[in-house]
Amino acid sequence: MSMRVLICGGGVIGAAIAYFLSRRGVETTVIERTGLACAASGKSGGFLALDWCDGTPLEPLARRSLALHARLVEEIGNDWNYRPLTTYGGSMGLQPQGSAHGIDWLSNGVSVNQHLGSTKTTAQVHPAKFTAAMMQAAQAQGAGWRLGRVTGVVRRGPRVAGVEVDGATIEGDAVVIAMGPWSILAAAWLPLPAVFGLKGHSLVFDTGTRVPPEALFLEVREAAGAVQTPELFPRSDGTTYVCAISSESPLPVDPAAVSPDAGAIERLERMCSAMAPALASAKILSRQACYRPITRDGMPLIGRIPGVEGAYVATGHSVWGILNAPATGEAMADLVADGAAHSVDLSPFDPGRIPPFDPARLRGG
């Protein structure tokens, strides 16, 4: 019996699920409101690590996923700037500590005293290009792409029968909610736990060939006294991505309406100029913000939505969405097509572990 799967959300998680389902020949359509990788999937750092989730329930997922990142480069070709990185930690403006590692593109005021990862354990992708490549590969395998806003889930008795998109019904046997922090909107249609958005700000600099493949996680005291934790990721396309300054600003209902908090980008620009001459003199290509999806317990929601046959969710990956997208896509494809995930135990991510969000609260009730 042939099956039709509808994936709500065209970010990295939706694209990865579409890739692995279509690879198995399952008819799959991704429905996206605003644009491919328009939110965190296109505006995140794209940092990958083998062992940074060790000792948490994410460990098997992360380790499987990093292996898949390397395999996808072999399978599809690498047009998303995948490469291994050396990763360091340090500080600026805190007590002077001296530098154990000479990083010549940073200011003298930056102390680099931790070696956090080698080219065997840390790597990166360009997240927007990676998401686009996964979706293109899915489409080459027969997956569909539809621009439109999902406004509801259609049910027949105890099971899903499709989704409403801009007033029309698209029929399907399975529905996957992969809308990042906007998955909270789906709590009005399905018994889903709450998903929150944590806002972060970022800049992309045109640094050319001046910055080697060295990622940095820093603690920086701003002039006003606040300590920020900027992350710096030079990319092989000649750009350098820097993010910092998280905030609790409310999530706008429309992803296209996301914009930086007042003053946040200026603060980030000042920090970057102080951290590295290579950044101080570089043209800024993007000034942006995005919301990472997080759950109450910090673990993602990956699996069946309780009480509704054919309804699934995959979101809440917090800072590891790009890393964990391939293993999430593979496991979700197995779950939807075969009834069980084979490569990773999804039980720690069971959506049923958290009570459903009361949709009356979405209406301000």
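Just above sits the structure.
Residues numbered from 1 in each chain as written. Predicted model: local features only at pLDDT ≥ 70, side-chain atom pairs only at ≥ 80, totals over all residues. Heavy atoms only, no water.

Enquirer: What's the story with the overall build of the chain in this structure? I'm lost.
Expert: Each helix and strand in the chain was counted, giving seven helices and 20 strands. A globule of 365 residues ought to have a C-alpha radius of gyration of about 21 Å, and the chain, at 21 Å, matches this closely. In terms of principal-axis extent, the alpha carbons of the chain reach across some 65 × 50 × 35 Å. Across the 365 residues in the chain, those meeting the buried criterion constitute 55%. A separation threshold of at least 6 residues defines the contact pool for the chain, and within that pool the share at least 24 residues apart is 72%. Accessible area of the chain: about 14600 Å², with a carbon and sulfur share of 50%. (Helix = DSSP H or I, 4+ residues; strand = E, 2+ residues; numbered from the N terminus. Rg over C-alpha atoms; globule rule 2.2 N^0.38 Å. Buried < 20%, exposed > 50% of the residue type's maximum accessible area, 1.4 Å probe, protein only. Contact = heavy atoms within 4.5 Å. Areas by Shrake-Rupley, 256 points an atom, 1.4 Å probe, with all protein chains shown as cover.)

Enquirer: What is the right way to read unusual backbone geometry from this model?
Expert: Across residues other than glycine, the phi torsion is negative in most instances, and most of the peptide bonds are trans. Here I245, not a glycine, exhibits a phi torsion of approximately 60 degrees, which is positive. Along the chain, I245 turns up in strand β17 (residues 239-247).

Enquirer: What's the story with the nonpolar core in this structure? I'm lost.
Expert: Where a protein is soluble and globular, its nonpolar side chains tend to be buried together. Counting 61 residues, the largest nonpolar core has I7 and M332 as its most contacted members. Ignoring anything within four residues of it in the chain, the contact list for I7 reads G14, I17, A18, L21, T28, T29, V30, I31, V176 and A178. If you look at the next biggest cluster of nonpolar residues, it comprises 32 residues, including V160, I170, M179 and V195. (Core = buried A, V, L, I, M, F, W, Y, C linked by side-chain atoms within 4.5 Å.)

Enquirer: It is not clear to me how the pairing of strand β11 (residues 168-171) should be interpreted in this structure. Could you clarify?
Expert: Consecutive residues of a regular strand have side chains that alternate between opposite faces of the sheet. As paired elements, strand β10 (residues 159-165) and β11 share four bridges and run antiparallel to each other. Counterpart to G162 in the pairing with β11 is E171. (Pairing = 2+ DSSP bridges.)

Enquirer: Explain the pattern of salt bridges to me, please; I cannot follow it from the model alone.
Expert: A side chain with one charge can pair with a side chain of the opposite charge if their charged atoms come near. All chains considered together, the criterion is met by 15 salt bridges. The residue R24 makes a salt bridge to D334 at a minimum N-O spacing of 3.0 Å. Of this pair, R24 sits in the loop between α1 (12-23) and β2 (27-32) while D334 sits in helix α7 (residues 321-338); the two residues are 310 residues apart in sequence, bridging distant segments of the chain. Residue class for D334 comes out buried when judged on its relative accessible area of 9%. Note that R287 is salt-bridged to E269, the shortest N-O span being 2.7 Å. Remark: E269 occurs in helix α5 (residues 264-275) and R287 occurs in strand β18 (residues 283-294); sequence separation between them is 18 residues. (Salt bridge = Lys/Arg side-chain N within 4 Å of Asp/Glu carboxyl O.)

Enquirer: Sorry, what's going on with the sheet that holds strand β1 (residues 4-8) here?
Expert: Strands pair in a sheet through their backbones, by hydrogen bonds, and they do so in one of two ways: parallel or antiparallel. Spatially, the six strands line up as an open sheet ordered β8-β2-β1-β12-β20-β19, and their pairing is mixed. The open sheet has two free edges, formed respectively by β8 (144-147) and β19 (301-304), since each of these has just one partner strand. The mean angle between the axes of side-by-side strands here comes to 20 degrees, regardless of whether they run parallel or antiparallel. The pairing of strand β12 (residues 174-177) with strand β20 (residues 311-315) spans three bridges and is classified as parallel. What sits directly across from V176, in β20, is Y312. (Axes fitted to C-alpha atoms, helices over the stretch in contact; angles between N-to-C directions.)

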